[in-house]
Amino acid sequence: MDYQGVTPQIAKGLLELKARIEAAKIPPSKIDETVNIATWNVREFGKKARTKPALFYIAEILSQFDLVGLVELRDDVSDLRKVLDILGPEWKAVYSDAIMDAGGNRERIAYLFDRRAVIFNGLAAEAQPPRVKKGTEYLSVISWWRSPYIASFRSGNFDFVCVTTHVRWGNSEKERLVELKAIAEWVYDKSEEKTAEDKDILVMGDFNIPSEKSALFKA
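Residues numbered from 1 in each chain as written. Predicted model: local features only at pLDDT ≥ 70, side-chain atom pairs only at ≥ 80, totals over all residues. Heavy atoms only, no water.

**Section: the sheet that holds strand 1 (residues 37–45)**
1) Next: In spatial order, the strands read 1-2-4-3; together these 4 strands make up an open sheet with mixed pairing. The open sheet has two free edges, formed respectively by strand 1 and strand 3 (91–95), since each of these has just one partner strand. Going across the sheet, the axis of each strand differs from the next one's by a mean of 25 degrees, ignoring polarity.
2) Next: Where strand 1 meets strand 2 (residues 67–74), 6 bridges bridge the pair, whose relative direction is parallel. Pairing of Thr39 across the sheet is with Gly69, part of strand 2.
3) Next: Seen against the sheet, helix 2 (residues 52–62) touches strand 1, strand 2, strand 3 and strand 4 (107–114) and runs at an angle of roughly 160 degrees to strand 1.
4) Next: Each of strand 1, strand 2, strand 3 and strand 4 is contacted by helix 3 (residues 78–87), which is oriented at about 155 degrees to strand 3, the strand it contacts most. (Pairing = 2+ DSSP bridges. Helix = DSSP H or I, 4+ residues; strand = E, 2+ residues; numbered from the N terminus. Axes fitted to C-alpha atoms, helices over the stretch in contact; angles between N-to-C directions. Contact = heavy atoms within 4.5 Å.)

**Details of the side chain of Asn36**
1) Next: Looking at the secondary structure, you find Asn36 in the loop between helix 1 (8–23) and strand 1.
2) Next: Here the side chain of Asn36 touches Pro27 through a polar contact of 2.8 Å, landing on its backbone oxygen. (Polar contact = N/O pair within 3.5 Å; in protein donor to acceptor, adjacent residues only side chain to side chain.)

**Some words on the nonpolar core**
1) Next: If you look at the biggest cluster of nonpolar residues, it comprises 23 residues, and the most contacted ones within it are Phe45, Leu62, Leu70, Leu80, Val83, Leu87 and Leu112.
2) Next: Of all elements in the fold, only helix 1, strand 1, helix 2, strand 2, helix 3 and strand 4 reach the threshold of two or more residues within this core.
3) Next: Ignoring any residue separated from it by four or fewer positions in sequence, one finds Val83 in contact with Phe45, Leu55, Ile58, Ala59 and Leu62.
4) Next: Counting 14 residues, the second-largest nonpolar core is a separate cluster that includes Trp144, Ile150, Ile201 and Leu216. (Core = buried A, V, L, I, M, F, W, Y, C linked by side-chain atoms within 4.5 Å. Buried < 20%, exposed > 50% of the residue type's maximum accessible area, 1.4 Å probe, protein only.)

**Let's talk about the pattern of salt bridges**
1) Next: Scanning the model with the defined rule gives 12 salt bridges in all.
2) Next: Among the ionic pairs, Glu60 bridges to Lys18, the shortest N-O distance being 2.8 Å. In this pair, Glu60 is assigned in helix 2 and Lys18 in helix 1, connecting sequence segments 42 residues apart.
3) Next: For Lys18, a relative accessible area of 35% corresponds to the partly exposed category.
4) Next: Among the salt bridges present, the one from Asp114 reaches Arg116, with a minimum N-O distance of 2.6 Å.
5) Next: According to the relative accessible area criterion, Asp114 is buried, its value standing at 2%.
6) Next: In this structure, a network of salt bridges that share partners links the residues Glu44, Lys47 and Arg74. (Salt bridge = Lys/Arg side-chain N within 4 Å of Asp/Glu carboxyl O.)

**Some remarks on helix 1**
1) Next: Taking 1.5 Å as the rise per residue, helix 1 with 16 residues should run 22 Å; its terminal C-alpha atoms sit 23 Å apart, in good agreement.
2) Next: Buried within helix 1 are the following residues: Ile10, Gly13, Leu14, Leu17 and Ile21. Down the axis of helix 1, the buried side of the element spans an arc of 105 degrees, and every buried residue falls inside it. The outward face of helix 1, more than 90 degrees from its buried face, is lined by the exposed residues Pro8, Lys12, Leu15, Glu22 and Ala23.
3) Next: For helix 1, the secondary structure elements touched by its buried residues are helix 2.
4) Next: Following helix 1 by one or two positions, Lys25 has its phi on the positive side, about 60 degrees. (Expected span 1.5 Å × (residues − 1). Arc of directions from axis to C-beta.)

Structure, rendered in C-alpha cells:
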C-alpha cells in the first residue's frame, strides 16, 4: 500500500477500518501460504468520483485479499486507476468492456490481483450464452443483461478460472431465475468440455439472491 498523501483524518479512518476487518475475522493475505479470493459489489464504482478517504478505504479492504472479482465497475475507470496506484505496483487489473444500454447499466466486471500471489493466465472473455440455428443465423436462446466475465489465473501450482457475474434485478424474481439457471448450466457445460481452460471454476459476483432458502439460491 502507498500511504503517501494520507492525512491524519484518513489515518484515523484506516485504523478504525483495520479494527473492523480484524473484528470480522477476515483472514489477511499470506503470500506463499494461502490465496485469498473475494467478490465485491462496489456500488456504481466510477459513476461519481469517490472522495480521497473513500479511495484509501476501498484500497485497504482490497489489500486483505489476493484476487478480487469487482462488480458494478462503471465505464469511467478513473477511480479504479487511483485505487490501483494506492495498492502499489504489484497490483494489476483485467476488466471487461462497459455495456452502455439501460440493461447493462454502463457496467464492467474487473479482476484485481496481487501478482506476488496470483498471476493472470491469459484467458479473458465474456461468457456466450448457448446459440441455436435459425435460418442462416446462430442466435442466443437467452439474453444476459450483463454477460459473465471469465478470466484464468494461477497461484502456485493451482490453475483456476473465475466466472464473475452481476445478475439482472428485473421486474421479478422469476426473470432472475431463468438467468441464474442458464448461468449454472453454462458453468456445468464448460466444466465438461474436453478443451476447457481448466476444470476448477470459481463462480462469483452479485446474484441478487434474497436468501439461502430462495429458489434462486437453489438454481
